[in-house]
Amino acid sequence: MWKKAYEQFCIFGEWIFFGSIVGVIVGLIGIIFHFGIEIATEYRMTYPILLWLLPFGGLAIVYFYHLEGMDKDRGTNFILVSVRTNEKITLKMAPLIFVSTIITHFFGGSSGREGAALQLGGSIAGKLGRVLELDEKDERIITMCGMSAAFAALFGTPIASVVFSMEVITVGIMHYSAIVPCTISALIGAGLSAYCGIKPTSFLLTGAPQGISFSACISVMFFGIIGALLSILFCTTMKKVSALYKIYFPNPYKRVFVGGCIVIALTYISGTRDYNGAGVDVIQWAFYGGVEPFAFLWKILFTAITLGAGFKGGEIVPSFFVGATFGASISSFMGFSPSFGAALGMGALFCGVTNCPLSAIVLSVELFGGEQVAYYTLVCAISYMLSGYYSLYSEQKIMYSKVKPEFINRNAN
């Protein structure tokens, strides 16, 4: 008994150590990445003419990946596969996604940053695992630590970062063996971020219903249903646009150049720059009701055109944008404040496009506070069930049916 207890504490100590190393290294790189995105965004907004150089920025991205022999880069999907099968992640992914995402934001492509964060954290931690000569199973855990640290450093949501890293890989199976090191990495990443003056992502929630009421639950269920349908539209549009690009523009240089030109054209057709970049400011406005009625559809189109062409970034912040603007737009019909509608929409969309209900609930609590957790749980549960097997990540494995207790073991659509 004492021998087993001693071994357990030795393993515990090792993971505290490894989790701390990953938290510090990945956290610091995540902080630098955050400031890089902020600077790129400020320059783009100060000099709107930079948008006209977007096609050439795309050419640079394709060239960089070609130069490093990563023409067929699978992005975040590769991180998911590496954790599940222990396929080796090359460290080259980190600088490539770092620079390419900043280029995309600098010139006005529509993308987020969390996809880059997961790739940054996963590739750096994976390399660290090989340097430390960890075995195959421990390498998978340390890769999840990197994902947690990077996500937490960028968003300041350590709990959601831990749950998401364990839940997104294989829906229905969570590797609880990773919970201690992932938590350590995420807390250190978030702590370093706060120390460097980066405020955690949060939104002021006003006008939320007090207590649990039947009428409010019915309205929240409606949000969950529409959120699930919208998440299917988002995922389907992303994949269809990417497929059409490859059919009509098989050459990646032509593809990214044409994609950049389309984004420029759409910007002038829409008459606003709200859909370029991540759109965090628009998400903030949504909580005060200051959004256009069809902003969510514009953002889906802009993001699909940008990322499908070969620009880099992530899809989750755009899904926040879509959910928040949609929720705020229909909130008055449901008898809710724009603020509460935006919160419900964000939770529903994030859950629907990632198939991660626990992460969505925890993230909602960290972003909006815990008083309305019952409503967040309801909207995320319904969105998860009704969003089918669609996902932003085609390599995401779904182990169990969403409607029956049966084993299905299939890839997401």
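Since we're looking at a predicted model, the values are computed, not measured.

1. Details of the overall build of the protein chain
In step 1: Along the backbone of the protein chain there are 16 helices and 3 strands.
In step 2: Relative to the compact-globule value of 22 Å for 413 residues, the protein chain shows a C-alpha radius of gyration of 21 Å, a close match.
In step 3: Dimensions of the protein chain along its principal axes, counting C-alpha atoms only, are 70 × 60 × 45 Å.
In step 4: The 413 residues of the protein chain split such that 57% are buried.
In step 5: In the protein chain, the share of contacts with a sequence separation of at least 24, taken over all contacts with a separation of at least 6, comes to 77%.
In step 6: For the protein chain, the accessible area works out to roughly 17200 Å², and carbon and sulfur atoms hold 68% of it.
In step 7: Each charge class in the protein chain was averaged separately, 26 positive and 23 negative side chains, and the resulting centres sit 7 Å apart.

2. What about the pairing of strand E3 (residues 407–411)?
In step 1: Where strand E2 (residues 397–400) and E3 come together, 3 bridges link them in antiparallel fashion. By the bridge assignment for E3, Tyr400 is matched with Phe407.
In step 2: Count of turn residues in the E2/E3 antiparallel hairpin: 6 residues.

3. Thoughts on the pattern of salt bridges
In step 1: Counting across every chain of the model gives 2 salt bridges.
In step 2: Residue Asp73 is joined to Lys312 by a salt bridge in which the shortest nitrogen-to-oxygen separation is 3.4 Å. One end of the pair, Asp73, is in the loop between helix H2 (54–67) and helix H3 (76–85); the other, Lys312, is in the loop between helix H12 (295–309) and helix H13 (316–334), and 239 residues separate them in sequence. Judged on exposure class, the residue Asp73 and its partner Lys312 are both buried.
In step 3: In this structure, Arg140 and Glu136 form a salt bridge, with 2.9 Å as the shortest nitrogen-oxygen distance. With Arg140 and Glu136 both in helix H6 (residues 136–155), this residue pair falls 4 residues apart, about one helical turn.

4. What about the packing of aromatic side chains?
In step 1: Evaluation of the coordinates by the stated rule reveals 28 aromatic pairs.
In step 2: On the numbers, 5.7 Å between centres and 45° between planes, the contact of Phe164 with Phe350 is tilted. Highlighted residues: Phe164 in helix H7 (residues 158–167) and Phe350 in helix H14 (residues 338–354), separated in sequence by 186 residues. Taken individually, Phe164 and Phe350 each receive the classification buried, so the pair is uniform in this respect.
In step 3: Residues Phe296 and Phe326 carry aromatic rings whose centres are separated by 5.4 Å and whose planes lie at 70° to one another, so their mutual orientation is edge-to-face.

5. Observations regarding the side chain of Glu139
In step 1: Mapped onto the fold, Glu139 is located in helix H6.
In step 2: Here Glu139 is in contact with Asn86, Lys88, Gly129, Arg130 and Leu134, once residues within four sequence places are set aside.

6. As for the environment of Leu128
In step 1: Inspection of the secondary structure assignment puts Leu128 in helix H5 (residues 114–131).
In step 2: When sequence neighbours within four positions are dropped, the list of residues in contact with Leu128 reads Ile21, Val22 and Ile25.

7. Re the environment of Ile79
In step 1: Structurally, Ile79 can be placed in helix H3.
In step 2: The buried category is assigned to Ile79, whose relative accessible area is 0%.
In step 3: Considered as a pair, Ile79 and Arg140 are 61 residues apart in the sequence and their alpha carbons are 9.9 Å apart.
In step 4: Apart from the residues within four sequence positions on either side, Ile79 is in contact with Ile89, Met93, Leu118, Gln119, Gly122, Ser123, Thr143 and Met147.

Cut-offs and rules
Along each chain, the written sequence defines residue order, and numbers are assigned to residues from 1. Only residues with pLDDT of at least 70 are given local features in this predicted model, and only at 80 or more are side-chain atom pairs given and counted; all residues enter the totals for whole chains, interfaces and linings. Hydrogens and water molecules were not included; the side-chain quantities draw on all heavy atoms of the structure. Here a helix means four or more residues in a row that DSSP labels H or I, a strand means two or more in a row labelled E, and each is numbered from the N terminus. Our radius of gyration looks at C-alpha atoms and nothing else; its globule reference is 2.2 Å times the residue count to the power 0.38. Here the term buried applies to any residue with accessible area under 20% of the maximum for its type, exposed to any over 50%, and partly exposed to those in between, with areas from a 1.4 Å probe on protein chains only. By the convention used here, residues are in contact when the closest approach between their heavy atoms is within 4.5 Å. Per-residue accessibility takes into account occlusion by the displayed protein chains alone, with areas from the Shrake-Rupley method and a 1.4 Å probe. Positive charges come from Lys and Arg alone, negative charges from Asp and Glu alone, with His and the N- and C-terminal ends not counted. Note that the charge is assigned to NZ on lysines, CZ on arginines, CG on aspartates and CD on glutamates. In this analysis, strands are considered paired if DSSP registers two or more bridges between them. Here a salt bridge means any side-chain nitrogen of Lys or Arg lying within 4 Å of a carboxyl oxygen belonging to Asp or Glu. Two rings belonging to Phe, Tyr or Trp (six-membered ring only in the last case) form a pair when the distance between their centres is within 6.5 Å. Interplanar angles under 30 degrees mark stacking, angles over 60 mark edge-to-face geometry, and anything in between is tilted.

Just geometry here; none of it tells us what the structure is for.
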